[in-house]
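Overview (structure and organization)
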Amino acid sequence: MKTSFEILFEELNQTYFSGDLPRIGITWNSRLRSSAGRFFPGSRKWIRDYPPRIEVASYLLGETEAEKLVRDTLAHEMIHYWLWHRKRPYGHTPEFHAKLKEVGGPRYNPVPKQRPHKYIYRCPGCSKEFKARRRLKSLACLSCCKQHAGGKFDARFKLYLETEIETSRKPLLETPCLGTSESGKKAT
Ligand SMILES: [Zn+2]
Ligand SMILES: [Zn+2]
């Protein structure tokens, strides 16, 4: 049975690469956070021959338009593969970008959502605010404890929960290929 990656690969291969690309291992990576996908070139040395492969970050599945993002990410990585396969420099070269235009890949890939700060704590001593992504157990304000308690934990400065923030699920955007100057803006 063909997996959906294989089907998607074949479809893109036929449409944009004249079916030239040999099959390649494509796997999900659940820890990949720095980019939506990765291409690993293989080795062409006969003595240590190993095939190239592609990884796609599984966080994409949690984004809106997941299907399109997976498709676009795979297409992007397949361009790296296509260049490598043709023994061309396979980074984000002008040739890469020309092909990307043809394939219709996006200029922006979503980066995984950092869990936004959900809780705001405050120190009863100095009123300083502390943001946290998860509930804090028993923490006291460091500067107050230093100043008034010889650096030891003092319950008088125990942080209390002030606000719990509703979090939105909007993905952040980045520009993985075109520099970061326009980071955050939507592609036009
Ligand atoms: Zn790339
Ligand atoms: Zn304090």
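Here, every reference points to the structure presented above.
Residues numbered from 1 in each chain as written. Chains lettered and ligands numbered in written order. Predicted model: local features only at pLDDT ≥ 70, side-chain atom pairs only at ≥ 80, totals over all residues.

1. Topic: the overall build of the protein
Definition in use: Counting from the N terminus, the helices are DSSP H or I runs at least four residues long and the strands are E runs at least two residues long. In this scheme every C-beta is placed from the backbone, and a residue whose C-beta has 20 or more other C-beta atoms within 10 Å is buried, one with 12 or fewer is exposed, and one in between is partly exposed. Any residue pair is listed as a contact if its two C-beta atoms, each placed from the backbone, are within 7 Å.
A tally of helices and strands in the protein yields four helices and eight strands. Considering the protein as a whole, with its 188 residues, one finds that 20% of them fall into the buried category. A sequence separation of at least 24 residues applies to 56% of the contacts in the protein between residues at least 6 apart.

2. Overview of the environment of G42
Counting through the fold element by element, G42 comes out in the loop between β2 (37–40) and β3 (53–57). Its 16 C-beta neighbours within 10 Å are what place G42 among the partly exposed residues. Once the C-alpha coordinates of G42 and P52 are considered, the two residues, ten residues apart in sequence, prove to be 3.7 Å apart. Apart from the residues lying within four places of it in its own chain, the contact partners of G42 are Y50, P51 and P52.

3. Concerning the sheet that holds strand β6 (residues 129–132)
Across a sheet, paired strands are connected by hydrogen bonds in the backbone, their directions being either parallel or antiparallel. Keep this limit in mind: Paired strands are those between which DSSP finds at least two bridges. Note on method: axes are straight lines fitted to C-alpha atoms, helices fitted across the in-contact stretch only, with angles between N-to-C directions ranging 0 to 180 degrees.
Spatial ordering of the open sheet is given by β6-β5-β7, a layout of three strands whose pairing is antiparallel. The outermost strands of the open sheet, each flanked by one partner alone, are β6 and β7 (160–164). Averaged over all adjacent pairs, the angle separating strand axes in this sheet is 30 degrees, with direction ignored. As judged from the four bridges shared by strand β5 (residues 119–122) and β7, these two strands associate in the antiparallel manner. Opposite I120, over in β7, you have T163 as the bridge partner.

4. Side note on the packing of helix α2 (residues 66–85) against helix α3 (residues 94–103)
Going by this rule: Relative orientations are named as follows: roughly parallel for angles under 35 degrees, roughly antiparallel for angles over 145 degrees, roughly perpendicular for angles from 65 to 115 degrees, and oblique for any other angle. Here a crossing is called left-handed whenever its near helix is offset anticlockwise from the far helix by less than a right angle, and right-handed whenever the offset is clockwise. Side-chain classes are defined by residue name, with Ala, Val, Leu, Ile, Met, Phe, Trp, Tyr, Cys and Pro counting as nonpolar, Asp, Glu, Lys and Arg as charged, and the others, Gly among them, as polar.
Packing of α2 against α3 brings their axes to within 10 Å, and their N-to-C directions diverge by 135 degrees. Between α2 and α3, the angle falls in the class oblique. Note that α2 runs across α3; the crossing there is right-handed. Contact with α2, carried on its side by A75, H76, I79, W82 and L83, involves E95, F96, K99, L100 and V103 of α3 and no other residues of that element. When the residues that make up the contact of α2 with α3 are grouped by side-chain class, the tally is seven nonpolar, one polar and two charged.

5. So, the nonpolar core
Short version of the rule: Note on terminology: a nonpolar core is any set of buried Ala, Val, Leu, Ile, Met, Phe, Trp, Tyr and Cys residues joined through C-beta atoms within 7 Å.
Core analysis: the biggest nonpolar cluster contains 20 residues, and V56, L60 and L74 have the highest contact counts within it. Among the secondary structure elements, those contributing two or more residues to this core are β3 and α2. Apart from the residues lying within four places of it in its own chain, the contact partners of V56 are I26, W28, N29, G37, V70, T73 and L74. With five residues, the next largest nonpolar core counts C123, C141, C145 and F157 among its residues.

6. A closer look at α2
Where we set the bar: To estimate how far a helix should extend, the number of its residues minus one is multiplied by 1.5 Å.
Look at α2: 28 Å from first C-alpha to last across 20 residues, which is about the 28 Å you get at 1.5 Å a residue. Among the 20 residues in α2, 14 count as buried, and that is most of the element. Downstream of α2 by a residue or two, K87 has a phi angle that is positive, lying close to 60 degrees.

7. Observations regarding the environment of Y59
Within the secondary structure, Y59 sits in the loop between β3 and α2. A residue is classified by how many C-beta atoms lie within 10 Å of it, and Y59, with 21 of them, is buried. The sequence separation of Y59 and S30 amounts to 29 residues, and the corresponding C-alpha distance is 6.7 Å.

8. Side note on the sheet that holds β2
Strand order in the open sheet formed by three strands is β1-β3-β2, and the pairing between neighbours is mixed. Each edge of the open sheet is held by one strand with a lone partner, namely β1 (25–29) and β2. Put simply, the sheet's adjacent strands are angled 20 degrees from each other on average, direction ignored. Across the sheet, α2 is in contact with β1, β2 and β3; its angle to β2 comes to roughly 25 degrees.

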